[in-house]
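Architecture at a glance
Here is how the chains run, residue by residue.
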Amino acid sequence: MIIVNGTIEAKHKTGGGGLDPVTGYPKKAEASWGEPIPCQYIPNQHNKLGVVNGEHFTIASYTVLIEEQEFNAEQIRLKDRAGSLLGEFSIMQVEPLEAVCELRLTI
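The text that follows walks through the structure, step by step, so that each part is easy to find. All values derive from a computational prediction rather than experimental measurement.

Take the pairing of strand β8 (residues 102-106) next. Where strand β4 (residues 55-67) lies against β8, five bridges are found, and the strand directions are antiparallel. Bridging from a neighbouring strand, Glu67 pairs with Glu102 of β8. Where strand β7 (residues 93-97) lies against β8, five bridges are found, and the strand directions are antiparallel. Opposite Gln93, over in β8, you have Thr106 as the bridge partner. With antiparallel pairing between neighbouring strands as the criterion, β7 and β8 make up a hairpin whose turn holds four residues, including Cys101 at a positive phi of roughly 55°.

Laid out in structure tokens, this is it:
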């Protein structure tokens, strides 16, 4: 059982591939976000100490738990319970937790 404190939305890409006959460049894929999936997220690391070329940025990584389901996304958007965007992240690992019928995502 997860304790819901946010939602994730999977990024789906459609189209793309092939070459544009006019320009000769590859066609870009269209991206859309899926339906919100209730989740429990736990920050592994979250600080505002990142600096590159004088620009500051936030360093963040999370562990996200969702109920067991078919899940094959490469990127997700994480929101807190209030609907505030915490960020868009690439999924590093999906681990099934069979004893509790959940998936653990490392982002």
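For the rest of this paragraph, the subject is the packing of aromatic side chains. Evaluated as defined, the whole model comprises two aromatic pairs. Ring centres of Tyr41 and Tyr62 lie 5.8 Å apart, and the angle between their planes is 80°; on these two criteria the pair is classed as edge-to-face. Of this pair, Tyr41 sits in strand β3 (residues 37-52) while Tyr62 sits in strand β4, and the two are 21 residues apart along the sequence. Taking 5.5 Å as the distance between ring centres and 75° as the angle between the ring planes, the aromatic pair formed by Tyr62 and Phe89 counts as edge-to-face. Of this pair, Tyr62 sits in strand β4 while Phe89 sits in strand β6 (residues 85-90), and the two are 27 residues apart along the sequence.

How each quantity is defined
- Residues numbered from 1 in each chain as written.
- Predicted model: local features only at pLDDT ≥ 70, side-chain atom pairs only at ≥ 80, totals over all residues.
- Heavy atoms only, no water.
- Pairing = 2+ DSSP bridges.
- Helix = DSSP H or I, 4+ residues; strand = E, 2+ residues; numbered from the N terminus.
- Phe/Tyr/Trp six-rings, centres within 6.5 Å; stacked < 30°, edge-to-face > 60°.

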